[in-house]
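# Summary of the model geometry
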Amino acid sequence: MSTLRSGGDDAARRSYLGLSRATLVKADDKPKMQEVTVRARFGEQFTNVEHWQPHGFTSVPLPPDDQEQKQAECLIAYLGGSPDHPVVIAVGDRRYRLTELQPGDVAHYDHRGQKTILHKDGVTHTSPMTITHQVVDDKGKVLSTIVQEKGGKKITMTSNGGATVTLDGPNITKKAGPGGKITLDGAVDISGALTAASSITGQTIAGQSITSGGQPVQVA
């Protein structure tokens, strides 16, 4: 009976120690497997606890908010029921989690207000910060870039060949790369003044005020 009782007590203890809640103290993202410091039940603190994250996704959870006394929460698993080998298998943060998504929606977010939502109508990415999109080669060299600056006043697109298109407030500026040219394929309607830094030849432009090199150009 004592053996059975001992075995049952051990199983119960291991079951009790299998999973528990904790709060995050801090995270260290330098190791290949992120490590965290957590405060578990009865105020016990664990350091250098491995934080397992899904393949293809990683994040660094925020430390406690000293002013509001709020912190991220962790779910700890004790491998083999041993309190000597805890691992963190999930971290949640009630302070910043997106709410009221629709069934089937998937979201990626941070505490700065940046978020990407996959929803029934497509994908929506919003951010109060500057957004940079880059295409790189297999060695990481940047081939093309689109930068949407904070505040939405300027968008710049740059290609590997040096061509750029800049939307700066009400203005649109296009610049071909070295040896390149700007091609407008189709009809062009001009309702305002047309200014050329050099001469315009081989074309007839009617009904507009045109300057070339700062001098008026006669139009048909």
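Residues numbered from 1 in each chain as written. Predicted model: local features only at pLDDT ≥ 70, side-chain atom pairs only at ≥ 80, totals over all residues. Heavy atoms only, no water.

### With respect to a nonpolar patch on the surface
Where nonpolar side chains cluster on the molecular surface, the patch consists of Ile146, Met157, Leu167 and Ile172 and spans about 330 Å² of accessible area. Positionally, methionine 157 belongs in strand β11 (residues 154-158). (Patch = residues over 30% accessible without salt bridge, like charges linked within 9 Å, V, L, I, M, F, W, Y side chains within 5 Å. Areas by Shrake-Rupley, 256 points an atom, 1.4 Å probe, with all protein chains shown as cover. Salt bridge = Lys/Arg side-chain N within 4 Å of Asp/Glu carboxyl O. Helix = DSSP H or I, 4+ residues; strand = E, 2+ residues; numbered from the N terminus.)

### Remarks on the nonpolar core
The biggest cluster of nonpolar side chains holds 12 residues, and these are Ala22, Leu24, Val36, Val38, Ala40, Phe46, Val49, Ala72, Cys74, Ile76, Tyr78 and Val88. Elements with a contribution of two residues or more to this core: β1 (19-28), β2 (35-39), β3 (45-51) and β4 (73-78). Looking at this core, the element that brings in the most residues is β4, giving 3 residues. When residues no more than four places from it in sequence are discounted, the contact partners of alanine 40 are Arg21, Ala22, Phe46, Ile76 and Tyr78. (Core = buried A, V, L, I, M, F, W, Y, C linked by side-chain atoms within 4.5 Å. Buried < 20%, exposed > 50% of the residue type's maximum accessible area, 1.4 Å probe, protein only. Contact = heavy atoms within 4.5 Å.)

### Things to note about the sheet that holds strand β7 (residues 115-119)
Within the open sheet, the 3 strands sit side by side as β6-β7-β8. Their pairing is antiparallel. The sheet is open, and its two edges are formed by β6 (106-109) and β8 (122-126), each paired on a single side. Strand-to-strand twist in this sheet, taken as the mean axis angle between neighbours without regard to direction, amounts to 10°. Bridging between β7 and β8 involves 5 bridges; their strand directions are antiparallel. Bridge pairing in β8 places threonine 116 opposite histidine 125. (Pairing = 2+ DSSP bridges. Axes fitted to C-alpha atoms, helices over the stretch in contact; angles between N-to-C directions.)

### Section: the packing of aromatic side chains
Per the counting criterion, the structure on display carries 1 aromatic pair. Plain terms: the ring middles of phenylalanine 46 and tyrosine 78 are 6.3 Å apart, the flat faces sit at 65° to each other, and that makes the pair edge-to-face. In this pair, phenylalanine 46 is assigned in strand β3 and tyrosine 78 in strand β4, connecting sequence segments 32 residues apart. Of the two residues examined, phenylalanine 46 and tyrosine 78, each falls in the buried class. (Phe/Tyr/Trp six-rings, centres within 6.5 Å; stacked < 30°, edge-to-face > 60°.)

### A closer look at the sheet that holds β1
Strand order around the closed barrel formed by 5 strands is β1-β2-β3-β5-β4, with mixed pairing between neighbours. Going from strand to strand, the sheet's axes swing by 50° on average, the running direction of each strand aside. Judged from the 5 bridges that link them, β1 and β4 form a sheet pairing that is antiparallel. Directly across from threonine 23, in β4, lies its bridge partner glutamate 73.

### Looking at the environment of glycine 92
Position of glycine 92 among the secondary structure elements: in strand β5 (residues 86-92). Given a relative accessible area of 34%, glycine 92 falls into the partly exposed group. When the C-alpha atoms of glycine 92 and glutamine 71 are compared, they prove to be 9.3 Å apart, with 21 residues separating the residues in sequence.

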